[in-house]
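Chain by chain, the residues run as shown.
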Amino acid sequence: QKDVLEKDFLEREKQPYTKFNGPDDLGHVTFDFPKTWSVYIGETSGNTFQAFLNPGTVPTVSNSQPYATRVVVVDKSYEETLKSYESLVKKGSLKSAPVTVNGFTGVRLDGEFSKQRKGSSVIFKVRDKTLLISTDAESFRGDFDGIILKSLDFNP
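What you see is a predicted model; the values in this text were computed from it and never measured. (Residues numbered from 1 in each chain as written. Predicted model: local features only at pLDDT ≥ 70, side-chain atom pairs only at ≥ 80, totals over all residues. Heavy atoms only, no water.)

1. Quick word on the side chain of Thr81
So the rule is basically this: By the criteria applied, helices consist of DSSP H or I runs no shorter than four residues and strands consist of E runs no shorter than two, each listed in order from the N terminus. Should any heavy atoms of two residues lie within 4.5 Å, those residues are counted as being in contact.
With respect to the helices and strands, Thr81 occurs in helix H2 (residues 78–83). In this structure, Thr81 is in contact with Val74, Lys76, Ile123, Thr130 and Leu132, ignoring residues within four places of it in sequence.

Here's what the structure looks like:
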C-alpha cells in the first residue's frame with residue numbers, strides 16, 4: 001500500500017506540466033514536461049539547437065551523460081541522420097520502426113545507443129533539418145511516451 005501511495009504521489013507531484021518552447025526558426029518544437037524537471041539550453045547556433053531536461057538539476061552536458069529527455073535539431077537531412085544509426089540497427093543494438101506522433105511521421109529507435117545511453121529516440125523531418133527527441137534511460141520512458149510525445153507539436 002505504501003509503495004502504491006508513494007508512486008501515486010510522485011506522479012501527482014509532476015503536475016501541472018510545464019510547456020517547453022523551442023526556437024521559432026527551427027520548427028517551434030513544443031511539448032509538456034513534468035514541473036519537477038529542469039531545462040538546460042545547450043548549443044543554439046543559427047542551424048543547431050540542443051536542450052536537455054532532467055528531474056531536479058541538469059547534469060553537465062556531455063554525449064555520454066544520460067538525460068531524461070534531450071531535444072536536438074541538427075542541420076542535417078532526415079535521410080543522413082537516419083543513416084548515421086544504420087550500423088547500430090544492423091548490429092541489433094537498436095530496433096527501428098516507423099512511428100506517427102500527433103500526425104507527424106518519423107522513425108523510432110529503441111535500445112542501446114552507447115554503453116551509457118539506453119532508451120528511445122524519435123526522429124522527425126523539420127524542413128531541411130532533423131528533430132531528434134530522446135530519453136536516455138528506460139526509467140523515464142513512461143514520461144517520455146505519456147507526457148512528452150503525447151503533447152509534441154512542431155512546424156514541419
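2. Thoughts on the layout of surface pockets
For clarity, the cut-off: With a 1 Å grid laid over protein atoms only, a set of points is called a cavity when a 1.4 Å probe fits there but cannot get out and a pocket when it is open yet has protein on both sides within 12 Å along at least five of seven lines; lining residues have an atom within 4 Å of a point. Grid points are joined across faces, edges and corners, and a volume is the space filled by probe spheres set on the points. All amino acids are sorted into three groups, where Ala, Val, Leu, Ile, Met, Phe, Trp, Tyr, Cys and Pro are nonpolar, Asp, Glu, Lys and Arg are charged, and the leftover types, Gly among them, are polar.
Taken as a whole, the largest pocket encloses approximately 380 Å³ of empty space. Every residue lining the largest pocket is counted, 17 residues in all, and those nearest its centre are Asn63, Arg70, Val72, Tyr85 and Arg117. If you list the elements that add at least two residues to the lining of the largest pocket, you get strand S4 (49–55), strand S5 (69–74) and strand S9 (129–135). With three residues, S5 is the largest single contributor of residues to the lining of the largest pocket. Per-class residue counts for the lining of the largest pocket are six nonpolar, eight polar and three charged.

3. Notes on the sheet that holds strand S7 (residues 104–112)
Rules: Two strands qualify as a pair provided that DSSP identifies no fewer than 2 bridges between them. For helices, the fitted axis covers only the stretch in contact; all axes are lines through C-alpha atoms, and the angles between them, taken along N-to-C directions, range from 0 to 180 degrees.
The seven strands are arranged S3-S4-S5-S9-S8-S7-S6 in an open sheet whose pairing can be described as antiparallel. Both outer strands of the open sheet, strand S3 (37–41) and strand S6 (94–101), are each paired with one neighbouring strand and no more. Within the sheet, the average angular offset between the axes of one strand and its neighbour, ignoring direction, is 20°. In terms of strand pairing, S5 meets S9 through five bridges, oriented antiparallel. Residue pairing across strands places Val73 opposite Leu131, the latter belonging to S9.

4. Side note on the pattern of salt bridges
Formally: Only one rule defines a salt bridge in this text: a Lys or Arg side-chain nitrogen within 4 Å of an Asp or Glu carboxyl oxygen. We call a residue buried when its accessible area falls under 20% of the maximum for its residue type, exposed when it is over 50%, and partly exposed in between, using a 1.4 Å probe and counting protein chains only.
For the structure shown, the criterion picks out eleven salt bridges. Here Glu86 ties to Lys90 by a salt bridge, and the two come within 3.8 Å at their closest N and O atoms. In this pair, Glu86 and Lys90 both sit in helix H3 (residues 86–91), four residues apart, roughly one turn of the helix. Asp145 is paired through a salt bridge with Arg108; the nearest N and O atoms lie 2.9 Å apart. Note that Asp145 is positioned in helix H4 (residues 141–151) and Arg108 in strand S7, a separation of 37 residues in sequence. We classify Arg108 as buried; its relative accessible area is 12%.

Without other data, these values stay purely geometric and don't point to any function.
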